[in-house]
Amino acid sequence: MSSNGTNGHMTSNDTEKGTEKVKRGLAQMLKGGVIMDVVTPDQAKIAEDAGACAVMALERVPADIRVQGGVARMSDPDMIEGIINAVTIPVMAKARIGHFVEAQILQALGVDYIDESEVLTPADEEHHINKHKFTVPFVCGCRNLGEALRRIAEGAAMMRTKGEAGTGDVVEAVRHARAVHSEIRKLTAMDEDELFTYAKNIQAPYTLVKETAELGRLPVVNFAAGGVATPADAALMMQLGVDGVFVGSGIFKSGDPAKRAKAIVEAVTHYNDPAILAQVSRGLGEAMVGINITPDNIVLGKRGW
Amino acid sequence: MPKIGILALQGAFIEHQKMLDTVGAETTQVRLPDDLQDLDGLVIPGGESTTIGKLATQYGLIAPLREFARSKPTWGTCAGLIFLAKDIGIEAQPILGLMDIQVNRNAFGRQVDSFEIPLIIKGIAEDAPFPAVFIRAPMVTHAQPTVTVLATLPKGGIVAVQQQHLLGTAFHPELTDDLRFHEYFYDMVKSNLA
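Because the structure is a prediction, the values reported are computed rather than measured.

*Asks:* I would appreciate a short explanation of helix H6 (residues 145-153) of chain A in the present structure.
*Replies:* Every α-helix winds through 3.6 residues per turn, so residues three or four apart in the chain are directed the same way. Residues and elements named next belong to chain A. The element H6 is largely enclosed, with a buried count of seven among its nine residues. Along H6, the residues that are buried comprise Leu145, Gly146, Glu147, Ala148, Leu149, Arg151 and Ile152. Those residues of H6 that are buried lie in contact with helix H1 (20-30), strand E7 (138-142), strand E8 (158-161), helix H7 (171-188), helix H8 (192-201) and helix H9 (206-215). The distance from a side-chain oxygen at the start of H6 to the backbone nitrogen of Gly146 is 3.3 Å, and the residue carrying that oxygen is Asn144. Once H6 ends, the next one or two residues include Gly155, with phi positive near 110°.

As structure tokens, then:
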């Protein structure tokens, strides 16, 4: 680590790697795009051909993790490497919450982003990974502003709503996106005295609360995730103000993955154009079989603290 | 007032729009061919070049964009630079093919190799260096004599070029708070109208 107060790594000719700007910057390049869960190199190719701006390499999609249960861990490095070699777009991979060694391994493999994810079984029930220690950037899930700002304080360079992965039910993603955005809107109307108290109440660092109030948005890119299954779901999340969309089980658990993937990509670009949304929503075949979310089956979203 | 469009299919288009608004330009987002009407300049932002290429093809934008950029100031950053190049080494990806340059996509490796470096830039940042941010960036591996090289890395490697009304950068001025590149491009647009 360099001594100048940043977390960058100095090399020759003033070149600085792993800086906050470079980490957050890749997420900025992904905006307006769709990041798709894939479990094989073939699926990664289908995602890339459909216009995905990145893929998430994992061993089982969340829908299967829900059904099969057991401990869900980081994927086999062979499988991740196979996906890295199959596509030119960025490749993300998941590490368990708090499992910094899985994150070290993923960084060594050359993944472009690590998702410290509640979809996998948490490895630490108190501490998230100290993400400042890594050159590779991290994305983390959130249900509200306090959780988002705690993750950013730990070094997350990108956020996503948690939603409820593997259900095909968008209701939790909507709840989380609305929570974050309405809290930010409240912040922008507060005076400084109120900001101090608000920061205390949501258990977030005051400096990040203040920055968010000034920006009128999160200081990092924020995608929707967890339950997006149709082009309309994706456009709904975009109109609610997120910067892009993760689709997990929704694509490769559907009847015609290539066609649905392409339709969701187009829906995210043209999210404000109902005529185009109607066009891309036609004839997509069967959507993934949904699991209706009730308070009893919210399992994954509750993980992380 | 000169009006500048920002291609808004995917990527960091809002960042460019904010910078151009700050330097005084009128701006709009471009997603469909009709959006190019009445524009005096265009920015093709960073993002995933394969994604932007597919969406541009799907919605009939390739030919109209090429026609636009033949005569009007157009600036490509990162993925946009790839879009403007004549030679990117692969056939499959749709490009505009207007600048006499050869570009290597992802020339620096994966995200862990992304970096920042202060750079001197001809005609834009000669006294104080420009904070150049490279993210999974491309590099110009060859430029014809028709092209002016504006910046190279200390170790070698062309990263900013201009060919008359076309401007290309491998890095991302829109991720900094340094307005000099956006002022320079806005001047290009204004002088093209004069």
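Next comes the rest of the description.
*Asks:* I tried to follow the pairing of strand E6 (residues 113-117) of chain A on my own but got confused; where do I start?
*Replies:* Each regular strand shows side chains that alternate between the opposite faces of the sheet. Residue and element names in this part refer to chain A. Of all five residues in E6, five are buried; the element is thus mostly enclosed. Along E6, one buried face is formed by Tyr113, Asp115 and Ser117 and the opposite face, lined by Ile114 and Glu116, is buried too. Of the pairings in the sheet, the one linking strand E5 (residues 91-96) to E6 comprises five bridges and is parallel in character. Looking at E6, one finds that Ala93 is bridged to Ile114. When E6 meets E7, the two strands line up parallel, connected through three bridges. Bridging across to E7, Asp115 finds its partner in Val139.

*Asks:* Looking at this structure, I do not really get the packing of helix H10 (residues 231-239) of chain A against helix H12 (residues 257-269) of chain A. What am I missing?
*Replies:* The description of two helices packed together rests on the angle between their axes and the distance between the axes. Residues and elements named next belong to chain A. Interhelical geometry of H10 versus H12 gives an angle of 25° and a closest axis separation of 8 Å. Our classification of the angle between H10 and H12 gives roughly parallel. Here the hand of the crossing between H10 and H12 comes out right-handed. Along its contact with H10, which presents Pro231, Ala234, Ala235 and Met238, the element H12 presents Ala263, Ile264, Ala267 and Val268.

*Asks:* Please clarify how the environment of Gln93 of chain B should be interpreted in this entry.
*Replies:* All names here are of chain B. Structurally, the position occupied by Gln93 is in the loop between strand E5 (85-87) and strand E6 (99-104). Look at Gln93 and you get buried, because its relative accessible area is 7%. Between the C-alpha atoms of Gln93 and Ile82, which are 11 residues apart in sequence, the distance is 9.8 Å. Leave out the neighbours within four places in its chain, and Gln93 touches Ser49, Thr50, Ile82, Ile88 and Arg105.

*Asks:* Please clarify how the state of the cysteines should be interpreted in this entry.
*Replies:* Simply put, disulfide is the name for a covalent bond between the sulfur atoms of two cysteines. Residues and elements named next belong to chain A. Under the definition given, this model contains zero disulfides over all chains. Its sulfur unpaired, Cys140 is 9.3 Å from the next cysteine sulfur, which belongs to Cys142. Classification of Cys140 by relative accessible area gives buried; the value is 1%.

*Asks:* What is the right way to look at the interface of chain A and chain B in this model?
*Replies:* Contacts between the two partners involve 45 residues from chain A, matched on the other side by 38 residues from chain B. In this assembly, chain A packs against chain B so that about 3300 Å² is buried in total across both faces, 55% of it on carbon and sulfur atoms. For the pair chain A and chain B, the interface holds four salt bridges. Notably, a salt bridge pairs Asp112 of chain A with Arg110 of chain B, separated by 2.5 Å at the nearest N-O pair. Applying the counting criterion to the chain A and chain B interface returns 21 residue pairs in polar contact (both at pLDDT 80 or more). Those elements that provide at least two residues to the side of chain A that touches chain B are strand E2 (16-17), H1, helix H2 (41-50), H12 and helix H13 (274-280) of chain A. Relative to strand E7 (residues 115-121) of chain B, E2 of chain A runs antiparallel, the two being bridged by two bridges. When the sheet's bridge partners are listed, Lys17 of chain A is paired in E7 of chain B with Phe115 of chain B.

*Asks:* Would you mind going over a negative patch on the surface with me for this structure?
*Replies:* Negative charge collects at one region of the surface, where Glu59, Asp76, Asp78 and Glu81 of chain A lie side by side. Exposure remark for Glu59 of chain A: the relative accessible area of 46% places this residue in the partly exposed category.

*Asks:* Before we go on, may I ask you to explain the nonpolar core in this structure?
*Replies:* Looking at soluble globular proteins, one finds that nonpolar side chains tend to be buried together. Core analysis: the largest hydrophobic core is formed by 114 residues, its most contacted members being Met237 of chain A together with Ile101, Ile121, Phe134 and Phe171 of chain B. Other than its neighbours up to four places away in sequence, Ile101 of chain B contacts Leu81, Ala85, Lys86, Asp87, Val140, His142, Ala143, Val147 and Val161 of chain B.

*Asks:* Explain the packing of aromatic side chains to me, please; I cannot follow it from the model alone.
*Replies:* How two aromatic rings sit relative to each other is given by the distance of their centres and the angle of their planes. All names here are of chain B. In total, this model carries 12 aromatic pairs over all chains according to the counting rule given. Here the aromatic rings of Trp75 and Phe181 are separated by 5.7 Å at their centres, their planes lie at 20°, and the arrangement is stacked. Within this pair, whereas Trp75 is found in strand E4 (residues 74-77), its partner Phe181 is found in helix H5 (residues 180-193), the two being separated by 106 residues in sequence. Taking the centre distance of 5.4 Å and the plane angle of 55° together, the rings of Phe134 and Phe171 count as tilted. Of this pair, Phe134 sits in strand E8 (residues 125-134) while Phe171 sits in the loop between strand E12 (166-169) and H5; the two residues are 37 residues apart in sequence, bridging distant segments of the chain. We note that Phe134, like Phe171, is buried. Pairwise contacts between aromatic rings join Trp75, Phe108, Phe115, Phe130, Phe134, Phe171, Phe181 and Phe185 into one cluster.

*Asks:* Would you mind going over the pattern of salt bridges with me for this structure?
*Replies:* Two side chains with opposite charge may pair up if their charged atoms get near one another. Residues and elements named next belong to chain A. This model, assessed by the stated rule, comprises 25 salt bridges over all chains. For Glu172, the salt bridge goes to Arg175, with nearest N and O atoms at 2.6 Å. Of this pair, Glu172 and Arg175 both sit in helix H7, three residues apart, which is roughly one turn of the helix. Here the residues in one salt-bridge network are Lys94, Asp115, Glu118 and Arg160, joined through shared partners.

Rules and cut-offs
- Residues numbered from 1 in each chain as written.
- Chains lettered and ligands numbered in written order.
- Predicted model: local features only at pLDDT ≥ 70, side-chain atom pairs only at ≥ 80, totals over all residues.
- Heavy atoms only, no water.
- Buried < 20%, exposed > 50% of the residue type's maximum accessible area, 1.4 Å probe, protein only.
- Helix = DSSP H or I, 4+ residues; strand = E, 2+ residues; numbered from the N terminus.
- Contact = heavy atoms within 4.5 Å.
- Polar contact = N/O pair within 3.5 Å; in protein donor to acceptor, adjacent residues only side chain to side chain.
- Pairing = 2+ DSSP bridges.
- Axes fitted to C-alpha atoms, helices over the stretch in contact; angles between N-to-C directions.
- Parallel < 35°, antiparallel > 145°, perpendicular 65-115°, else oblique.
- Left-handed = near helix turned anticlockwise from the far one by under 90°.
- Disulfide = S-S within 2.5 Å.
- Buried area = accessible area lost by both parts, 1.4 Å probe.
- Salt bridge = Lys/Arg side-chain N within 4 Å of Asp/Glu carboxyl O.
- Patch = residues over 30% accessible without salt bridge, like charges linked within 9 Å, V, L, I, M, F, W, Y side chains within 5 Å.
- Areas by Shrake-Rupley, 256 points an atom, 1.4 Å probe, with all protein chains shown as cover.
- Lys, Arg positive; Asp, Glu negative; His and termini not counted.
- Charge placed at Lys NZ, Arg CZ, Asp CG, Glu CD.
- Core = buried A, V, L, I, M, F, W, Y, C linked by side-chain atoms within 4.5 Å.
- Phe/Tyr/Trp six-rings, centres within 6.5 Å; stacked < 30°, edge-to-face > 60°.

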